[in-house]
Amino acid sequence: MAEPDAGRGPSANTRRAQRLLMAGVAGGHAALLACIGAFAVVNGWSGALSAAIAGVVTIAFFTIGQAVQVVVADAPARRILIASLASYVLRVTVLGLLLALALDNADRIAWLDPVAVAATTIAVVIGWLAVELWIYSRMRIPVYDE
């Protein structure tokens, strides 16, 4: 792994991880905005708000995971793996708690459109990953590309 550049800003590994984070955020937000617009037209404010909530939760899930990658970009592989897995377990646990809370209060959130929630979640994941993969495919990584 490359050593951090002392006094010259983040290392190459960190810059690559940051670039992937920004790409994912851009793709996720583009998909989210498209879904909010589509569900606003189809289902009104209920659909738009449902899409917005689902999209924000999905973007937060991915942003936290990618931010962990930025923080540990220069660490040894074993530490990166442990940080990634710990982050994933924590994020899934929080999502499980949110789901349990939603199921316990189903009557209070009856206005939530399940189609908008599911479709937006899927669209944001696809948007995030598509742009992230597109950017990754154009990166120059010295280990693979001399």
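Everything that follows concerns the structure shown earlier in this document.
Nothing here was measured: the structure is a model prediction, and the numbers come from that model.

## Here we look at the packing of aromatic side chains
1) Next: This model, assessed by the stated rule, comprises three aromatic pairs.
2) Next: Measuring from centroid to centroid gives 5.7 Å for Phe 61 and Phe 62, while their planes differ by 80°, and the two rings are edge-to-face.
3) Next: Centre to centre, the rings of Phe 61 and Tyr 88 are 6.2 Å apart; their planes meet at 75°, and the pair counts as edge-to-face. Of the two residues, Phe 61 is situated in helix H1 (residues 12-71) and Tyr 88 in helix H2 (residues 77-104); the sequence distance between them amounts to 27 residues.
4) Next: Given a relative accessible area of 16%, Phe 61 falls into the buried group.
5) Next: Note on Tyr 88: relative accessible area 44%, which makes it partly exposed.
6) Next: Each residue in the set Phe 61, Phe 62, Tyr 88 and Trp 128 is aromatic and connected to the rest through ring pairs, giving one cluster.

## A word on the packing of H1 against H2
1) Next: At a minimum axis distance of 9 Å, the contact between H1 and H2 shows a crossing angle of 160°. Here H2 runs roughly antiparallel to H1, going by the angle between their axes. Once H1 is placed against H2, the crossing between them reads as right-handed. Within the contact between the two elements, H1 uses Val 57, Phe 61, Phe 62, Ile 64, Gly 65, Val 68 and Gln 69 and H2 uses Ile 80, Ala 83, Ser 84, Ser 87, Tyr 88, Arg 91, Val 92 and Leu 95.
2) Next: Class assignment of the residues belonging to the contact of H1 with H2 gives a composition of ten nonpolar, four polar and one charged.

## Section: the nonpolar core
1) Next: Judged by nonpolar contacts, Ala 17, Leu 21, Ala 31, Leu 32, Ile 59, Phe 61, Phe 62, Val 70, Ala 73, Val 124 and Trp 128 together constitute the single largest core of eleven residues.
2) Next: Of all the secondary structure elements, the ones that give two or more residues to this core are H1 and helix H3 (114-137).
3) Next: The element that contributes the greatest number of residues to this core is H1, accounting for eight residues.
4) Next: Setting aside chain neighbours within four positions, we find Trp 128 in contact with Leu 21, Gly 24, Val 25, Gly 27, Gly 28, Ile 59, Phe 62, Thr 63 and Gln 66.
5) Next: Counting residues in hydrophobic clusters, the runner-up holds five residues, among them Leu 20, Ala 23, Ile 135 and Ile 141.

Rules used in this analysis
Residues numbered from 1 in each chain as written. Predicted model: local features only at pLDDT ≥ 70, side-chain atom pairs only at ≥ 80, totals over all residues. Heavy atoms only, no water. Phe/Tyr/Trp six-rings, centres within 6.5 Å; stacked < 30°, edge-to-face > 60°. Helix = DSSP H or I, 4+ residues; strand = E, 2+ residues; numbered from the N terminus. Buried < 20%, exposed > 50% of the residue type's maximum accessible area, 1.4 Å probe, protein only. Axes fitted to C-alpha atoms, helices over the stretch in contact; angles between N-to-C directions. Parallel < 35°, antiparallel > 145°, perpendicular 65-115°, else oblique. Left-handed = near helix turned anticlockwise from the far one by under 90°. Contact = heavy atoms within 4.5 Å. Nonpolar A, V, L, I, M, F, W, Y, C, P; charged D, E, K, R; others polar. Core = buried A, V, L, I, M, F, W, Y, C linked by side-chain atoms within 4.5 Å.

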